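# Tertiary structure, described
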Amino acid sequence: MIQIKKATILISLTLLIFFQACRPGEDVLVTFEGGKIQRKNLRELYDIEDAPRNEKTLSIATQSAILEQMGIQEIMEKEAMQNGFFDRSDIKDLMYYTEKEMIVNLYLKNFFQDKKDSEALEMLNIQFALLYTNDEGAIEKAKSEVSALRDNDKIDEYISSITQEEGRKCIGGILEPQCNNCAVQDQITSIFKEGITKNDSNFYVSRDGNKAFLYRILNREKVKSKNLDEFLTKKFKNLREKAIAYTNKNNTEEDKQKAAYYLEESPRLEEKAKMTASHYMRGYQNRVIPEELIRLQSEKSFTINEEIKGGNVGLLENPETVVLKTPTENYTVKQLNEDFSRVFPNQKDTAGIPEKLNFLQNIMLPTKLISDSSEGEKVRKSDTYKTAFGYMKKSIAFNIQKSESEKDVPPISDAQIKEIYEAGKQFQFSEPSPKNPNERVAIPFEKVKDKIKSELTSKNAESVFQKKILDLKAKYKMEIQVDKLKEGSI
């Protein structure tokens with residue numbers, strides 16, 4: 001009895017160890033002295049970067065390249081911590097402001113995700129004929145005739161017969177589904193504004209110069225963003241069926257060529273749907289995020305100096321001018337300049353008023369609205385923040401050390417620059433002759449000297465940096481476990 005119990009316990013422990021070893025995401029993909037990168041870390045990076053997951057981005061080659069970069073950033077961060085990199089005042093300033101900007105981005109990312117999950121997109125199905133005419137009698141006659149028809153097939157035939165948009169004859173003048181609540185202002189839907197407002201399926205006329213659009217709103221459909229690809233694919237397939245039916249009746253080569261766009265099959269059809277969906281979602285994001293910032297600004301009583309907004313930029317010359325008022329602070333030009341200098345130290349003496357205003361509007365205002373608020377504190381307590389902060393710190397260590405590699409580049413002599421110039425003056429450093437465009441003449445050395453020096457410095461700095469990476473990889477014994485990668489899956 002005791003033997004059986006021991007055996008049972010042994011089997012249970014063996015299974016426990018087995019399942020722990022195989023827990024999803026726990027397998028190690030990169031090793032180096034003092035650390036490791038697991039599959040879950042790779043997944044986290046894809047999520048943080050909103051990286052698409054497709055055949056190309058999930059290939060073993062792509063995964064290997066990403067893991068290589070992740071490993072290098074890990075060991076460079078370790079090295080940076082040992083050499084006091086993060087104790088530098090300029091790095092502390094950069095970390096301080098970058099963290100605040102990251103909080104803003106995470107808040108807005110979460111907001112956008114919630115918004116698109118909860119709010120449906122209003123998709124419009126529109127049919128129209130394009131007429132190049134200012135003849136009001138002809139336009140009204142066409143409107144009267146099409147409005148008298150009750151059969152949709154007859155309406156399609158009529159629209160096809162009168163529209164002067166040749167490529168859309170094959171689908172009865174039907175427009176690809178349009179999103180009515182994506183962009184703040186949409187050039188296409190503005191043409192059909194009256195019909196959209198009237199909320200019926202009657203025919204209307206819209207004019208634009210010598211163009212007249214005779215149209216109707218076929219119907220409106222509420223679509224969740226997660227279903228948008230599928231919705232558009234279905235609509236594009238319907239248009240393809242219409243184009244096939246049309247070219248079966250009108251089967252000249254000219255008709256088929258004009259209908260070619262709508263006759264495309266899979267996978268091109270699905271690709272068009274995805275591209276269209278992405279376009280609408282970008283427009284939707286560009287609408288709702290500014291609206292959220294305006295809402296927060298109003299709710300929290302944040303106001304930008306109206307005179308500056310109105311164009312009185314001369315006020316920015318006075319350090320005491322208040323540029324932003326909040327319930328707890330009068331933010332002045334002096335503070336704005338100080339913050340700008342900390343974030344962009346290399347531009348503090350060259351930046352003009354437009355750059356400062358852009359900094360105020362797009363960095364300092366959202367930072368104060370979100371990062372320094374209860375919304376920001378909520379983000380800081382999330383697991384996503386902790387992960388994103390870690391990647392941000394590594395990225396800063398990598399990018400700053402890379403940019404500073406130029407300090408380790410030996411001085412470049414005029415002789416080196418001259419040698420490169422002489423080697424390339426017949427091709428790279430030449431231009432068409434003013435007297436004979438078929439001949440090329442060398443550009444004067446003084447005109448390209450600085451450019452050659454800059455390019456040579458960058459090239460040498462890259463070599464220095466790559467040497468540093470190789471040395472660090474050897475020092476930390478970094479290895480990628482390529483055999484554990486899965487084609488098309490992370």
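Below is a summary of the structure that appears in this document. Note that the structure is a prediction, hence the values are computed from the model and not measured. Each chain carries its own residue numbering, running from 1 in the written order of its sequence. Owing to the predicted nature of the model, reporting of local features is limited to residues with pLDDT of at least 70; listing and counting of side-chain atom pairs is limited to 80 or more, with chain, interface and lining totals taken over all residues. Heavy atoms from the whole structure form the basis of all side-chain values; hydrogens and water molecules are not counted.

Secondary structure elements follow DSSP: runs of H or I no shorter than four residues count as helices, runs of E no shorter than two count as strands, and numbering proceeds from the N terminus. A tally of regular secondary structure across the chain gives 18 helices and twelve strands. Over its C-alpha atoms the chain spans a radius of gyration of 31 Å, topping by over 25% the 23 Å that the globule rule assigns to 490 residues. Across its three principal directions, the C-alpha atoms of the chain cover 95 × 80 × 65 Å. Per-residue burial over the chain gives 40% buried out of 490 residues. We call two residues in contact when some of their heavy atoms are within 4.5 Å. Relative to all contacts within the chain whose residues are 6 or more apart in sequence, the contacts with residues 24 or more apart total 69%. The reference for a compact globule is 2.2 Å times residues^0.38; the radius of gyration itself is calculated from the C-alpha atoms. Any residue under 20% of the maximum accessible area for its type is buried, any over 50% is exposed, and the rest in between are partly exposed; the area is computed with a 1.4 Å probe on protein chains only.

With that settled, consider the state of the cysteines. Here, two cysteine sulfur atoms that lie within 2.5 Å of each other are counted as a disulfide. What the rule picks out here adds up to one disulfide. Linked covalently through their sulfurs, Cys179 and Cys182 form a disulfide whose S-S length is 2.0 Å. Where Cys179 bonds to Cys182 through sulfur, the torsion about that S-S bond is close to 85°, and the disulfide is right-handed. Of the two residues, Cys179 and Cys182, both sit in the buried class.

Right, let's talk about the environment of Met81 for a bit. For Met81, the position within the fold is in helix H3 (residues 60-82). For Met81, a relative accessible area of 51% translates into the label exposed. Met81 has contacts with Phe86 and Lys393, leaving out every residue within four places of it along the chain.

Moving on to the sheet that holds strand E12 (residues 479-480). Strands belonging to one sheet form pairs held by backbone hydrogen bonds; the direction of such a pair is parallel or antiparallel. Strands sit in the order E2-E1-E12 across an open sheet of three strands; the sheet is antiparallel. Two strands in the sheet have a free side with no partner beyond their single neighbour: strand E2 (35-38) and E12. Pairs of strands are assigned from DSSP output, requiring at least two bridges between the strands. Two strands pair when backbone bridges link them, and strand E1 (residues 28-32) and E2 are joined in this way by four bridges, in the antiparallel orientation. Its bridge partner being in E2, Thr31 is matched across the sheet by Lys36. Orientation is described by axes fitted as lines to C-alpha atoms, over the contacting stretch for helices, and by angles from 0 to 180 degrees between their N-to-C directions. Lying over the sheet, helix H2 (residues 39-48) contacts E1 and E2, oriented at roughly 65° with respect to E2. Each of E1, E2 and E12 is contacted by H3, which is oriented at about 35° to E1, the strand it contacts most.

Okay, empty space enclosed by the protein next. Definitions used for this entry: grid spacing 1 Å over protein atoms alone; cavity, a set of points where a 1.4 Å probe fits but cannot get out; pocket, an open set with protein on both sides within 12 Å along at least 5 of 7 lines; lining residue, one with an atom within 4 Å of a point. Grid points are joined across faces, edges and corners, and a volume is the space filled by probe spheres set on the points. Enumeration over the complete set of coordinates arrives at one cavity of 30 Å³ or more. Approximately 60 Å³ is the volume found for the largest cavity. Along its surface, the largest cavity is lined by Glu176, Phe236, Leu239, Tyr261, Tyr262, Glu264, Leu269 and Lys272. Residue assignment for the lining of the largest cavity shows that the elements contributing at least two residues are helix H9 (228-249) and helix H11 (268-299). Residues are grouped as follows: nonpolar covers Ala, Val, Leu, Ile, Met, Phe, Trp, Tyr, Cys and Pro; charged covers Asp, Glu, Lys and Arg; every other residue, Gly included, is treated as polar. Split by residue class, the lining of the largest cavity holds five nonpolar, no polar and three charged.

As a further point, take the sheet that holds strand E9 (residues 329-332). One open sheet accounts for three strands, arranged E7-E8-E9; its pairing is antiparallel. The open sheet terminates on both sides in strands that have one partner only, identified here as strand E7 (303-304) and E9. Summarising the sheet, strand E8 (residues 322-326) and E9 pair through four bridges and their orientation is antiparallel. Note that in E9 the partner of Thr326 across the bridge is Glu329.

Turning to unusual backbone geometry, a few remarks are in order. Going from Ser266 to Pro267, the amide bond is cis rather than trans, its omega being 5°. Topologically, Pro267 is positioned in the loop between helix H10 (253-258) and H11. The phi torsion at Asp50 lies on the positive side, around 55°, for a residue other than glycine. If you trace the backbone, Asp50 turns up in the loop between H2 and H3. Even without a glycine there, the phi angle at Asn199 is positive, about 60°. Tracing the sequence through the fold places Asn199 in the loop between helix H8 (193-198) and strand E5 (204-208). Exposure remark for Asn199: the relative accessible area of 53% places this residue in the exposed category.

For the largest pocket, the calculated volume is near 1500 Å³. Lining the largest pocket are 46 residues, and of these Asp47, Glu49, Asp50, Ala51 and Lys109 lie nearest its centre. Listing elements by their share of the lining of the largest pocket, those giving two or more residues are H2, H3, helix H4 (89-118), H9, H11 and helix H16 (383-403). The residue inventory of the lining of the largest pocket, partitioned by class, reads 19 nonpolar, twelve polar and 15 charged. In this structure, the second largest pocket is lined by 14 residues; those nearest its centre are Leu94, Val343, Pro345, Asn346 and Ile400. Elements supplying a minimum of two residues to the lining of the second largest pocket: H4, helix H13 (333-343) and H16. Ranked by residues supplied to the lining of the second largest pocket, first place goes to H4 with four residues. Across the lining of the second largest pocket, the residue classes tally to six nonpolar, three polar and five charged.

Time to look at the nonpolar core. Take the buried Ala, Val, Leu, Ile, Met, Phe, Trp, Tyr and Cys residues and link them wherever side-chain atoms come within 4.5 Å; each set so joined is a nonpolar core. Among the nonpolar cores identified, the biggest contains 67 residues, and Met123, Leu228 and Ile370 are the most heavily contacted of them. At the level of elements, H4, strand E3 (121-132), H9, H11, E8, H13, helix H14 (353-371) and H16 are the ones that each hand at least two residues to this core. The leading source of residues in this core is H4, at eleven residues. Among residues more than four places away in sequence, those in contact with Met123 are Pro177, Gln178, Cys179, Asn219, Arg220, Glu221, Val223, Leu228, Phe231, Leu232 and Tyr280. Val30, Met478, Leu485 and Ile490 belong to the second-largest nonpolar core, a separate cluster that totals 22 residues.

Here we come to the packing of helix H17 (residues 414-424) against helix H18 (residues 445-475). Interaxial distance between H17 and H18 falls to 9 Å at its minimum, and their mutual angle equals 105°. Relative to H18, the element H17 lies roughly perpendicular. Each of Asp414, Gln416, Ile417, Lys418, Ile420 and Tyr421 in H17 lies in contact with H18, whose residues at this interface are Phe445, Val448, Lys449, Ile452, Lys453 and Leu456. Tallied by class, the residues present in the contact of H17 with H18 amount to seven nonpolar, one polar and four charged. Orientation is classified from the angle alone, with under 35 degrees giving roughly parallel, over 145 giving roughly antiparallel, 65 to 115 giving roughly perpendicular, and any other angle giving oblique.

For this analysis, a salt bridge means a side-chain nitrogen from Lys or Arg found within 4 Å of a carboxyl oxygen belonging to Asp or Glu. This model, assessed by the stated rule, comprises 44 salt bridges. Here Glu77 makes a salt bridge to Lys394, at a shortest N to O gap of 3.5 Å. Residue Glu77 is located in helix H3, and its partner Lys394 is located in helix H16; the two are separated by 317 residues in the primary sequence. We note that Glu77, like Lys394, is buried. Between Lys386 and Asp383 there is a salt bridge, with the nearest N and O atoms lying 3.9 Å from each other. Here Lys386 pairs with Asp383, and both are found in helix H16, just three residues apart, close to one helical turn. Each member of the pair, Lys386 together with Asp383, is exposed. In this structure, a network of salt bridges that share partners links the residues Arg88, Asp90, Glu404 and Lys407.

Take it as geometry only, folks, not as evidence of what the structure does.
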